[in-house]
Amino acid sequence: MRTHRKAAALLAVCALALAGCSGSGGKDSDDTGKNDDGGGGKTVTTKRLKIAMVTHSGEGDTFWDIVQSGAKQAASKDNVDFLYASNKEGKEQAQHIESYIDKKVDGIVVTLAKPEAVAAAVKKAVAAGIPVVTINSGGEHSKATGALSHIGQEESVAGEAVGEELNKRGKKKALCVIHEQGNVSLEARCAGVKKTFEGTVENLNIEGTNMPASTSSIEAKLESGKDIDTVVTLGAPFAAATVKAKTGASSKAEVNTFDLNAEVVKQLKAKEIGFAVDQQPYLQGYLAVDELWLYKTNGNVLGGGRPVLTGPAVVTGKDVPALEKYTARGTR
């Protein structure tokens, strides 16, 4: 597994955060109690807090299940009630945030995939005295909202890493598949690929919440573009869809992807996927909840307010033995 640029600095931050703090998701949810108990026993004696997370997850996106796993683990350790809600539309995300403000939660974790729709609600939370940590998307907009910090990867840098890897593999024409139109982080990934890739890059927008339609769109593109020699998907579920589409189109294009899950690891092992870019979603959820607990109980801010990087790291088939047990339990 090869880390890229500033991502290596995360190792020291994580060591401090995880050691010093001791002692979707695919499933859209609300506050009915099914996703808010954090699970497990308590290991701290601090006052019980209530921390909410609002993401832009679309239905069936397993990436966010991994984020929630990390958040729930930290919540269990930190004596926190964990609440979760998501919606792919920015307007609905903002409404979730305002609902949590009304509930007077102790902290909120948010994504900024569509900052123009969400930023005002985040600022409202901060003005109400509720600390906010942003994760995953829209890191460049985080500081302007008043958030404590941003936890994730620099998306343009991650895209650049992919472009460089494609150069090493001798690729000439890439198809970059965007599964959510208007998501600033996905657009930044494809732009990053285009910046460093010496070949040509074409973007393809698909309906990410409709997997059969997504597969058909990719297959049609591969059938009409026989010169496409690599497909870059921006989420793990779409890698599997592309592998299927590639077969249907009788294409020889190499499939590569952002993000990691158990299925991607299996496909890396079977050589159906060339490489994946891991941004460690479990860590994003874990550190976000932990940071809010630290801030509320000890005034700490991870990274001194600067972005805390959880990626990117390029993962290939040789990394499979070290990752299989973690992806199987849903933590990588």
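None of these values were measured; they are calculated from a predicted model. (Residues numbered from 1 in each chain as written. Predicted model: local features only at pLDDT ≥ 70, side-chain atom pairs only at ≥ 80, totals over all residues. Heavy atoms only, no water.)

A.B. asks: Honestly, the overall build of the protein in this entry has me stumped. Any pointers?
C.D. replies: From N to C terminus, the protein includes twelve helices and 13 strands. Looking at the protein as a whole, 56% of its 332 residues are labelled buried. Looking at the protein as shown, the accessible area adds up to about 13,600 Å², and 50% of this sits on carbon and sulfur atoms. (Helix = DSSP H or I, 4+ residues; strand = E, 2+ residues; numbered from the N terminus. Buried < 20%, exposed > 50% of the residue type's maximum accessible area, 1.4 Å probe, protein only. Areas by Shrake-Rupley, 256 points an atom, 1.4 Å probe, with all protein chains shown as cover.)

A.B. asks: Just checking my understanding: could you explain the sheet that holds strand 3 (residues 80-86) for this structure?
C.D. replies: Across a sheet, paired strands are connected by hydrogen bonds in the backbone, their directions being either parallel or antiparallel. The strand order across the open sheet formed by six strands is 3-2-4-5-6-12, and the pairing between neighbours is parallel. Edge positions in the sheet fall to strand 3 and strand 12 (308-309), since each of these pairs with one other strand and no more. Where strand 2 (residues 49-55) and strand 4 (residues 107-110) come together, four bridges link them in parallel fashion. Each residue of the ladder has a partner; that of Ala52, found in strand 4, is Ile108. Strands in contact with helix 2 (residues 63-78) are strand 2, strand 3 and strand 5 (132-135); relative to strand 3, the strand with the most contacts, it is inclined by about 160 degrees. With respect to the sheet, helix 11 (residues 281-298) is in contact with strand 2, strand 3, strand 4, strand 5, strand 6 (150-152) and strand 12, its orientation differing from that of strand 2 by roughly 140 degrees. (Pairing = 2+ DSSP bridges. Contact = heavy atoms within 4.5 Å. Axes fitted to C-alpha atoms, helices over the stretch in contact; angles between N-to-C directions.)

A.B. asks: Mind showing me how you'd approach the side chain of Glu254 here?
C.D. replies: Considering the arrangement of structural elements, one finds Glu254 in strand 10 (residues 254-258). There is a polar contact of 3.1 Å between the side chain of Glu254 and the side chain of Arg169. Sequence-distant contacts of Glu254, defined by excluding residues within four places in its chain, comprise Arg169, Lys171, Asp229, Thr230, Val231 and Gly274. (Polar contact = N/O pair within 3.5 Å; in protein donor to acceptor, adjacent residues only side chain to side chain.)

A.B. asks: Honestly, the state of the cysteines in this entry has me stumped. Any pointers?
C.D. replies: Note on terminology: a disulfide is the covalent bond linking the sulfur atoms of two cysteines. Following the criterion strictly, the structure yields one disulfide and no others. Here Cys176 pairs with Cys190 through a disulfide, and the sulfurs are 2.1 Å apart. Measuring handedness by torsion sign, the sulfur bridge of Cys176 and Cys190 sits at about -90 degrees and is left-handed. With a gap of 14 residues between them, Cys176 in strand 7 (residues 173-178) and Cys190 in helix 7 (residues 184-196) connect regions that are remote in the sequence. Comparing Cys176 with Cys190, the two get one shared label, buried. (Disulfide = S-S within 2.5 Å.)

A.B. asks: Where do I start with the pairing of strand 2 in this structure?
C.D. replies: Remark: a regular strand shows side chains that alternate across the two faces of the sheet. A large share of strand 2 lies buried, amounting to six of its seven residues. Direction of pairing for strand 2 relative to strand 3: parallel, over a ladder of seven bridges. Counterpart to Ile51 in the pairing with strand 3 is Phe82. Note that the unit made of strand 2, helix 2 and strand 3 has a crossover that is right-handed. (Right-handed = clockwise from strand over helix to strand, strands pointing away.)

A.B. asks: Honestly, the packing of aromatic side chains in this entry has me stumped. Any pointers?
C.D. replies: How two aromatic rings sit relative to each other is set out by the distance from centre to centre and by the angle between their planes. Going through the model one piece at a time under the given rule, you end up with three aromatic pairs. Ring centres of Phe63 and Trp64 lie 5.0 Å apart, and the angle between their planes is 75 degrees; this geometry places the pair in the edge-to-face category. Take Phe63 and Trp64: they sit in the same class, and that class is buried. Pairing Tyr282 with Tyr286 gives two aromatic rings, centres 6.3 Å apart and planes at 25 degrees, and the pair type is stacked. Of this pair, Tyr282 and Tyr286 both sit in helix 11, four residues apart, roughly one helical turn. Given a relative accessible area of 10%, Tyr286 falls into the buried group. Across the ring face of Trp293, the terminal group of Lys77 is positioned such that the distance to the ring centre comes to 5.1 Å. (Phe/Tyr/Trp six-rings, centres within 6.5 Å; stacked < 30°, edge-to-face > 60°. Lys NZ or Arg CZ within 6 Å of the ring centre and 35° of its normal.)

A.B. asks: Help me understand the environment of Ala239 in this model?
C.D. replies: The residue Ala239 is located in helix 9 (residues 236-249) in this model. Linking Ala239 and Glu272, residues 33 residues apart in sequence, is a C-alpha distance of 9.4 Å. Contact partners of Ala239, with chain neighbours within four places excluded, come to Thr233, Val255, Thr257, Val264, Gln267 and Ile273.

A.B. asks: What exactly am I supposed to notice about unusual backbone geometry here?
C.D. replies: That bond from Gly311 to Pro312 is cis: its omega, 10 degrees, falls within 30 degrees of zero. With respect to the helices and strands, the residue Pro312 is situated in the loop between strand 12 and strand 13 (313-315). Positioned with a positive phi, Lys104 is a non-glycine residue whose angle comes to about 55 degrees. Here Lys104 shows up in the loop between helix 3 (90-102) and strand 4. On the accessibility criterion, Lys104 (67% relative accessible area) is exposed.

A.B. asks: How should the confidence of the model for the protein be read in this particular structure?
C.D. replies: As a general rule, the predicted coordinates of low-pLDDT regions are not to be interpreted in detail. Mean pLDDT for the protein: 89, with 87% of residues reaching 70 or above. Counted against residues more than four places away or in other chains, residues 5-42, with its pLDDT under 50, gives 93 contacts. (pLDDT = per-residue confidence, 0-100.)

A.B. asks: So what exactly am I meant to see when it comes to helix 12 (residues 320-328) here?
C.D. replies: Residues separated by three or four positions in an α-helix point in the same direction, a consequence of the helix having 3.6 residues per turn. Those residues of helix 12 that fall on the buried side of the exposure criterion are Val320, Leu323 and Thr327. On an axial view of helix 12, the arc spanned by its buried residues comes to 75 degrees, and they lie on one face. Across from the buried face of helix 12, at angles greater than 90 degrees, the exposed residues are Pro321, Lys325 and Ala328. Residues of helix 12 that are buried sit in contact with helix 10 (262-269) and strand 13. Residue Gly330 follows helix 12 closely and has a positive phi angle near 80 degrees. (Arc of directions from axis to C-beta.)

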